[in-house]
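Read off the chains here:
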Amino acid sequence: MIKVGIVGGTGYTGVELLRLLAQHPEAHVEVITSRSEEGLCVADMYPNLRGHYDYLRFSVPDVATLGACDVVFFATPHGVAHALAGELLATGVKVIDLSADFRLRDADEWAQWYHQPHGAPDLLPEAVYGLPEVNREAIRGARLIAVPGCYPTATQLGLIPLLETGLADPATLIADCKSGVSGAGRGASVGSLLCEAGESMKAYAVAGHRHLPEIRQGLQQAAGGPVGLTFVPHLTPMIRGIHATLYARVADASVDLQALFEQRYADEPFVDVMPAGSHPETRSVRGANVCRIAVHRPQGGDLVVVLSVIDNLTKGASGQAVQNMNILFGLDERAGLQQPALLP
Ligand SMILES: NC(=O)C1=CN([C@@H]2O[C@H](COP(=O)(O)OP(=O)(O)OC[C@H]3O[C@@H](n4cnc5c(N)ncnc54)[C@H](OP(=O)(O)O)[C@@H]3O)[C@@H](O)[C@H]2O)C=CC1
Ligand SMILES: CC(=O)N[C@@H](CCC(=O)OP(=O)(O)O)C(=O)O
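In the nomenclature of an unreviewed UniProt entry, the protein corresponds to N-acetyl-gamma-glutamyl-phosphate reductase from the organism Halopseudomonas aestusnigri. Under the heading Pathway (unreviewed entry), UniProt records this for the protein: "Amino-acid biosynthesis; L-arginine biosynthesis; N(2)-acetyl-L-ornithine from L-glutamate: step 3/4." Under the UniProt heading Catalytic activity (unreviewed entry), the entry covering the protein gives this text: "N-acetyl-L-glutamate 5-semialdehyde + phosphate + NADP(+) = N-acetyl-L-glutamyl 5-phosphate + NADPH + H(+)".

Now the structure itself:
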């Protein structure tokens, strides 16, 4: 059994890790932290987990306790993994970070977007960006994984088949993305109130969102050169889900895009290329570690529209983190992740 520690057990991604790991055949959660709920039984906070973690109580983050685990997930705000990852790695623990702390290769760029100095630039060279569909081999040998963000996962999976093949104009990409409210974390905020977010929809961070450099970094790797990307996130009245509508110019009308996407993801257990003409819904991925994609070329023109949906908490965070753990420890990549979506 893989001994698992989770730092940040009271947030949305922390409890999603617990939900997924409860069914994992090879992993056992030994430590879960919360500074605010120290001593509380996990099942007392989360009744849906009663019967699964009756032995487990929240404890304050402590390197000695976490250091007895085989792998530690960070489900914490930015900066926490910077402070603790180095010490844990030194004790031989593998670290899988769900925050953005190690996603950008460049420490200065990270500091610019996250408005604080990078807390562990010495660890950046060994951090592996945990998008299995691109970096599976590097993940296998890694000690430190940076799990991609939710918008970046949906956007990159939707666009990379067009960029890797050189088909899309890399200078004119557009990602028009909608997120459920849980993307903003479990902390109380006016913008997340039912009466605020439940009856409205809005764009935000149009001038520049911190996922822009992360998405750009991944797309540039796929394109093998610079990309021009417009990324506009929106907050929508649902609790979970990302819907990315992606636009790219593809001049070559002879290419069978459906076949291209099907071939690119033929061996991927968690990317579902839907039949031509499909309109994937976020409800069809709720609770499932899957990205469903549909590719359209309206009126046969040169503007291609890719629709990409994920659950922000599953393929967009905790499910992808468990997928990384499975690869890291040489397990079946699907272990603990094969449940279908909750809704049709
Ligand atoms: N929500 C989402 O859809 C996604 C989130 N992410 C990323 O995952 C991370 C967690 O997100 P989410 O679960 O939504 O966040 P939440 O705000 O819901 O939860 C944060 C957790 O971190 C703990 N925490 C906060 N500050 C510290 C600290 N200084 N030291 C130790 N623990 C701390 C909190 O517990 P306590 O204060 O009790 O210690 C809490 O359990 C974030 O970096 C987020 O950006 C990534 C992809 C998608
Ligand atoms: C709806 C909403 O607020 N979404 C969050 C992004 C989701 C997320 O947590 O991404 P990181 O892991 O990169 O922080 C936001 O826009 O900041």
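Further notes follow.
Attention shifts here to the nonpolar core. By size, the foremost hydrophobic cluster in this structure holds 44 residues, and its most contacted members are Leu 162, Leu 219 and Phe 261. Considering each element in turn, this core owes the most residues, 8 residues, to helix α7 (residues 150-164). Here this core gathers at least three residues from each of two domains, domain 1 (2-126) and domain 2 (150-311). Discounting chain neighbours no more than four positions away, the residues touching Leu 219 are Gln 156, Leu 159, Ile 160, Leu 163, Leu 173, Val 227 and Leu 229. By size, the runner-up hydrophobic cluster in this structure holds 35 residues, among which are Val 29, Ala 75, Ala 142 and Met 325.

This paragraph deals with the UniProt feature "active site" (unreviewed entry) in the protein. In this structure's numbering, the residues bearing the UniProt feature "active site" (unreviewed entry) are Cys 150. By secondary structure assignment, the location of Cys 150 is in helix α7. Every residue in contact with Cys 150, bar those within four places of it in the chain, is listed here: His 211, Ile 242, Ile 310, Asn 312 and Gly 316.

If you trace the 7 strands from one edge of the open sheet to the other, you get β9-β10-β8-β11-β14-β13-β12, paired in mixed fashion. In this open sheet, the two strands that pair with only one neighbour each are β9 (202-203) and β12 (271-273). Docked against the sheet, α7 engages β8 (173-179), β10 (229-235), β11 (242-249), β12, β13 (291-296) and β14 (303-310), running at close to 30° with respect to β11. Running over the sheet, helix α9 (residues 211-223) touches β8 and β10 and is turned about 135° from β10.

All residues adjacent to ligand 2 are His 78, Arg 103, Cys 150, Ser 179, Gly 180, Gly 183, Ala 184, Tyr 204, His 209, Arg 210, His 211 and Leu 235. Between Tyr 204 and ligand 2, the recorded distance is 2.6 Å, taken from a side-chain N or O atom to an oxygen atom. For ligand 2, the protein covers 83% of the area, taking 430 Å² as the surface of the free molecule.

Below, the discussion takes up the packing of helix α1 (residues 12-21) against helix α11 (residues 314-328). Interhelical geometry of α1 versus α11 gives an angle of 50° and a closest axis separation of 10 Å. Accordingly, the angle class assigned to the pair α1 and α11 is oblique. The two elements α1 and α11 cross, and the hand of that crossing is right-handed. The segment α1 lies against α11, with Thr 13, Glu 16, Leu 17, Arg 19, Leu 20 and Leu 21 engaging Thr 314, Ala 317, Ser 318, Gly 319, Ala 321, Val 322 and Met 325. A class-by-class count of the residues in the contact of α1 with α11 yields 7 nonpolar, 4 polar and 2 charged.

Further remarks concern the packing of aromatic side chains. Scanning the entire structure with this criterion turns up 3 aromatic pairs. Considering the side-chain rings of Tyr 53 and Tyr 55, the 6.2 Å spacing of their centres and the 45° angle between planes classify their relative orientation as tilted. Judged by its relative accessible area of 2%, Tyr 53 falls in the buried class. By relative accessible area, which is 43% here, Tyr 55 ends up partly exposed. Each ring, one from Trp 110 and one from Tyr 114, has its centre 4.7 Å from the other, and the planes form 15°; the classification is stacked. Taken together, the positions of Trp 110 and Tyr 114, both in helix α5 (residues 107-114) and 4 residues apart, correspond to about one turn of that helix.

With that settled, consider the site of ligand 1. Neighbouring residues of ligand 1: 27 residues in total, closest Thr 10, Ser 34, Arg 35, Ser 36 and Thr 76. Here Tyr 12 contributes a backbone N or O atom positioned 3.2 Å from an oxygen atom of ligand 1. The contact in question runs from an oxygen atom of ligand 1 to an N or O atom on the side chain of Asn 312, over 2.8 Å. Protein coverage of the free-state accessible area of ligand 1, which is 890 Å², stands at 83%.

Moving on: the layout of surface pockets. Put simply, the largest pocket is a space of about 1,300 Å³. Around the largest pocket, the lining is made up of 50 residues, and of these Ser 182, Gly 183, Ala 184, Gly 185 and Arg 186 lie nearest the centre. For the lining of the largest pocket, the secondary structure elements donating two or more residues are α1, α7, α8 (194-197) and α11. Along the lines of polarity and charge, the residues of the lining of the largest pocket split into 19 nonpolar, 25 polar and 6 charged. Two domains each provide a minimum of three residues to the lining of the largest pocket, namely domain 1 (2-126) and domain 2 (150-311). Every residue lining the second largest pocket is listed: Tyr 12, Val 15, Glu 16, Arg 19, Tyr 46, Asn 48, Arg 186, Ile 239, Arg 240 and Leu 313. Among the residues making up the lining of the second largest pocket, the classes are represented as 5 nonpolar, 1 polar and 4 charged. Structurally, the lining of the second largest pocket is a two-domain feature, drawing no fewer than three residues from each of domain 1 (2-126) and domain 2 (150-311).

Quick notes on the rules
Residues numbered from 1 in each chain as written. Chains lettered and ligands numbered in written order. Predicted model: local features only at pLDDT ≥ 70, side-chain atom pairs only at ≥ 80, totals over all residues. Heavy atoms only, no water. UniProt positions renumbered as here; feature names shortened; annotations may be inferred. Core = buried A, V, L, I, M, F, W, Y, C linked by side-chain atoms within 4.5 Å. Buried < 20%, exposed > 50% of the residue type's maximum accessible area, 1.4 Å probe, protein only. Helix = DSSP H or I, 4+ residues; strand = E, 2+ residues; numbered from the N terminus. Domains from an automatic or database assignment. Contact = heavy atoms within 4.5 Å. Pairing = 2+ DSSP bridges. Axes fitted to C-alpha atoms, helices over the stretch in contact; angles between N-to-C directions. Near = heavy atom within 4 Å. Polar contact = N/O pair within 3.5 Å; in protein donor to acceptor, adjacent residues only side chain to side chain. Areas by Shrake-Rupley, 256 points an atom, 1.4 Å probe, with all protein chains shown as cover. Parallel < 35°, antiparallel > 145°, perpendicular 65-115°, else oblique. Left-handed = near helix turned anticlockwise from the far one by under 90°. Nonpolar A, V, L, I, M, F, W, Y, C, P; charged D, E, K, R; others polar. Phe/Tyr/Trp six-rings, centres within 6.5 Å; stacked < 30°, edge-to-face > 60°. 1 Å grid on protein atoms, 1.4 Å probe; cavity = no way out; pocket = protein on both sides within 12 Å on 5 of 7 lines; lining within 4 Å. Points joined across faces, edges and corners; volume = space filled by probe spheres on them.

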